[in-house]
Amino acid sequence: NFSGVFLYEYDYKNKARVEKMLTDYVSKGGKVFVDTGSEVKESDTTNTFEFFPVNETKRKDFGTSWDFKAGESEFTKGVNFSEFSPPIFDESPWKVSYSDEVNEGANVLLENKGKVVLASNRLGDGLVFWSGLNLPYHVIRYNNADEVIFFQKIFEKIIEKRDVQTRPSNISRVSAQRLLI
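To keep things clear, this report deals only with the structure shown in the data block. (Residues numbered from 1 in each chain as written. Predicted model: local features only at pLDDT ≥ 70, side-chain atom pairs only at ≥ 80, totals over all residues. Heavy atoms only, no water.)

1. Focus on helix H2 (residues 135-142)
For the α-helix, the turn length of 3.6 residues means that residues three or four positions removed from each other point alike. All of the buried residues in H2 are Leu135, Pro136, His138 and Val139. Looking down the long axis of H2, one finds its buried residues gathered within 165° of arc, a one-sided arrangement. Elements in contact with the buried residues of H2: strand E1 (4-8), strand E2 (31-35), strand E9 (115-123), strand E10 (126-131) and helix H3 (145-158). Count one or two residues on from H2 and you reach Asn143, which has phi positive near 50°. (Buried < 20%, exposed > 50% of the residue type's maximum accessible area, 1.4 Å probe, protein only. Helix = DSSP H or I, 4+ residues; strand = E, 2+ residues; numbered from the N terminus. Arc of directions from axis to C-beta. Contact = heavy atoms within 4.5 Å.)

2. Considerations on a nonpolar patch on the surface
Nonpolar side chains collect at one region of the surface, where Ile171, Leu179 and Ile181 lie side by side and expose about 350 Å² of accessible area between them. One can find Ile171 in the loop between H3 and strand E11 (172-175). (Patch = residues over 30% accessible without salt bridge, like charges linked within 9 Å, V, L, I, M, F, W, Y side chains within 5 Å. Areas by Shrake-Rupley, 256 points an atom, 1.4 Å probe, with all protein chains shown as cover. Salt bridge = Lys/Arg side-chain N within 4 Å of Asp/Glu carboxyl O.)

3. With respect to the side chain of Ser85
Here Ser85 lies in the loop between strand E4 (68-70) and strand E5 (88-89). The exposure class of Ser85 is buried, given its relative accessible area of 11%.

4. Side note on the nonpolar core
Core analysis: the biggest nonpolar cluster contains 24 residues, and Phe68, Leu110, Leu118, Phe129, Leu133, Phe150 and Ile154 have the highest contact counts within it. Elements supplying a minimum of two residues to this core: strand E7 (95-98), strand E8 (107-112), E9, E10, H2 and H3. Looking at which element gives the most residues to this core, the answer is H3, with four residues. Core analysis: the next-biggest nonpolar cluster, separate from the first, contains 18 residues, Val18, Val116, Ala119 and Trp130 among them. (Core = buried A, V, L, I, M, F, W, Y, C linked by side-chain atoms within 4.5 Å.)

5. Section: the packing of aromatic side chains
Under the definition given, this model contains 21 aromatic pairs. With 5.5 Å between their ring centres and 50° between their planes, Tyr12 and Phe49 make a pair best called tilted. Here Phe49 lies in the loop between E2 and strand E3 (58-61) and Tyr12 lies in the loop between E1 and helix H1 (15-27), a separation of 37 residues in the sequence. Exposure class is identical for Tyr12 and Phe49. Each is buried. Summarising the aromatic geometry, the rings of Phe84 and Phe150 are spaced 6.3 Å apart at their centres and angled 55° between planes, so their arrangement reads as tilted. Separated by 66 residues along the polypeptide, Phe84 in the loop between E4 and E5 and Phe150 in helix H3 bring together distant segments of the chain. (Phe/Tyr/Trp six-rings, centres within 6.5 Å; stacked < 30°, edge-to-face > 60°.)

6. A word on empty space enclosed by the protein
Summed over all chains, the structure comprises one cavity of 30 Å³ or more. By volume, the largest cavity amounts to about 30 Å³. Residue lining of the largest cavity: Trp66, Phe84, Trp94, Leu133, Leu135, His138 and Glu147, and that is the complete set. Of the residues in the lining of the largest cavity, the class split is five nonpolar, one polar and one charged. (1 Å grid on protein atoms, 1.4 Å probe; cavity = no way out; pocket = protein on both sides within 12 Å on 5 of 7 lines; lining within 4 Å. Points joined across faces, edges and corners; volume = space filled by probe spheres on them. Nonpolar A, V, L, I, M, F, W, Y, C, P; charged D, E, K, R; others polar.)

7. Quick word on the sheet that holds E9
The strand order E1-E2-E10-E9-E8-E4 describes an open sheet built from six strands, whose pairing is mixed. Of all strands in the sheet, those bounded by a partner on one side alone are E1 and E4. Adjacent strand axes in the sheet meet at a mean angle of 10°, parallel and antiparallel pairs treated alike. Here five bridges tie E2 to E10, and the two strands are oriented parallel to one another. Following the sheet pairing, Lys31 is matched in E10 by Leu127. Most of the contacts of H3 go to E2, to which it runs at about 145°, and overall it touches E1, E2, E8, E9 and E10. (Pairing = 2+ DSSP bridges. Axes fitted to C-alpha atoms, helices over the stretch in contact; angles between N-to-C directions.)

Everything listed here is a matter of geometry and, on its own, says nothing about what the molecule does.
Okay, structure coming up:
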């Protein structure tokens with residue numbers, strides 16, 4: 001029923017069940033964005049979900065500055081990664097989840113200091129994005145234009161835009177507490 005699923009600050013009890021459900025969903029054309037940059041089970045593990053573009057993740061800080069290298073893709077084109085806000089959380093370095101390599105067929109979208117921090121891959125008819133940046137929170141915390149553009153490009157690939165038809169309506173405020181539509 002959904003064109004896309006965002007896994008962020010997630011948890012589960014039965015990994016095998018969740019993995020099967022999400023693998024089936026993606027294989028049939030679903031799209032998933034999963035961010036392991038916060039403290040979730042897959043932020044530092046050798047046992048990621050099989051549909052991830054990476055097999056292993058580690059979590060640490062890389063200091064208080066980025067050193068991004070963007071891969072060639074529609075998502076990175078036109079984004080100035082040198083303008084991203086610094087990786088700082090309350091005066092401490094921002095921790096990220098990263099991988100040393102991607103699975104066969106995966107695309108590296110972004111590296112930081114030589115480590116993969118954002119990648120994508122296809123599975124069946126679907127698409128998976130993995131991020132170790134805690135990107136949604138970094139975007140909200142800093143409201144940085146280039147970060148917003150980058151996240152928006154990914155978001156729009158996952159969530160289908162649909163035209164919504166509105167019906168003519170009349171709105172009148174009867175009182176401060178009452179609205180008639």
